[in-house]
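# Understanding the architecture of this molecule
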Amino acid sequence: GLAFSTVVKSVKRKFNLVKVGHGGSLDAMASGLLVLLINDANKAVGEIMGADREYTGTIRWGVKTDTHDVYGRVLETGPVPDASGLKARLDAVSADFTGDIFQTESRFCSVRKEGSSGYEVADTGEHKPFMAHVYRFDSEGNAFSIRGTKGLIVRTFVNDLGAAVGCGAALEALRRTRIGKLSVGEAIPFDRLLETDIRDFMPLVKSVAAVLR
């Protein structure tokens, strides 16, 4: 729930580092893997940010919002098919939602309120269509997992999927689980990292060669 700038500044200050960056941001409502780039590793930011990503999440079926997630203004609602009906509709449109897909991000997005755990909606202007690639999308009921290229907008993917299915859908929760070879299962929780003694910090750091080879 912390801003990326807060994470970066806290780690830089805690471990007296020259330069700290990150390998790709997340939507405000998302959790999961954040790759921190330490000192000279920032030279490889393009390669790390360009790596494929994997996510898990939940969908709220039967609703369309202006932000494509559940924190936006509701534009439409619709009846949701039963489990077997929903699966049949998803199977029918699945070919259109794997491989190369074009997305147009909503001009509205959810952002965290200053000093609060709540959200407000920001207008980011009109966006141009963007092509991403989806390698895999699996869903069961409200839960899903997806693997795609850099730039894949998962909340827009969910919105477009809801339109194709016919009942509408909005992203309810999202967690990034992987960037390239880096998995959230190997990551260190932020609060635990800040409790780490400076002498124990470097053994936690992966080399750029190990990440990119």
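See the structure printed just above.
Figured I'd write up the structure that's included with this text. A quick note: this is a predicted structure, and the numbers were derived from the prediction, not measured. (Residues numbered from 1 in each chain as written. Predicted model: local features only at pLDDT ≥ 70, side-chain atom pairs only at ≥ 80, totals over all residues. Heavy atoms only, no water.)

Here we come to unusual backbone geometry. Not every positive phi belongs to a glycine, and N16 is a case in point at roughly 55°. For N16, the position within the fold is in the loop between α1 (4-14) and β1 (20-22). Judged by relative accessible area, N16 falls into the exposed class, the value being 66%. With phi around 50°, N39 is a residue other than glycine that occupies positive phi space. Counting through the fold element by element, N39 comes out in the loop between β3 (36-38) and α2 (45-49). (Helix = DSSP H or I, 4+ residues; strand = E, 2+ residues; numbered from the N terminus. Buried < 20%, exposed > 50% of the residue type's maximum accessible area, 1.4 Å probe, protein only.)

Attention shifts here to the nonpolar core. One finds W61, F144, I146, V154 and L161 to be the most contacted residues of the largest nonpolar core, which totals 27 residues. Of all the elements in the fold, those that place two or more residues in this core are β4 (53-61), α3 (83-93), β10 (130-140), β11 (143-148), α4 (154-165) and β12 (169-179). Look past the residues within four positions of W61 in its chain and what remains in contact with it is V80, L86, L90, G141, N142, L161, G162, V165, C167, G168 and A169. Residues L37, A41, A51 and L182 belong to the second largest nonpolar core, which totals 10 residues. (Core = buried A, V, L, I, M, F, W, Y, C linked by side-chain atoms within 4.5 Å. Contact = heavy atoms within 4.5 Å.)

What follows concerns the side chain of T67. Relative to the elements of secondary structure, T67 occurs in the loop between β5 (63-65) and β6 (74-77). Separated by 2.7 Å, the side chains of T67 and D69 make a polar contact. When sequence neighbours within four positions are dropped, the list of residues in contact with T67 reads G72, S106, F108, C109, S110, V121 and R155. (Polar contact = N/O pair within 3.5 Å; in protein donor to acceptor, adjacent residues only side chain to side chain.)

A few words now on the packing of α3 against α4. Following both chains from N to C, one finds α3 and α4 inclined at 105°, their axes separated by 9 Å at the closest point. What the angle tells us is that α3 and α4 run roughly perpendicular. Residues L86, R89, L90 and V93 of α3 pack against L161, A164 and V165 of α4. (Axes fitted to C-alpha atoms, helices over the stretch in contact; angles between N-to-C directions. Parallel < 35°, antiparallel > 145°, perpendicular 65-115°, else oblique.)

Following the criterion strictly, the structure yields 13 salt bridges and no others. When the shortest N-O distance is used, the salt bridge between D91 and K87 registers 2.9 Å. Of this pair, D91 and K87 both sit in helix α3, 4 residues apart, which is roughly one turn of the helix. Given the relative accessible area of 52%, K87 is considered exposed. One salt bridge connects D138 with R136, and the closest N-O pair in it is separated by 3.1 Å. By sharing partners, the salt bridges in this structure join D52, E54, R136, D138 and R147 into a single network. (Salt bridge = Lys/Arg side-chain N within 4 Å of Asp/Glu carboxyl O.)

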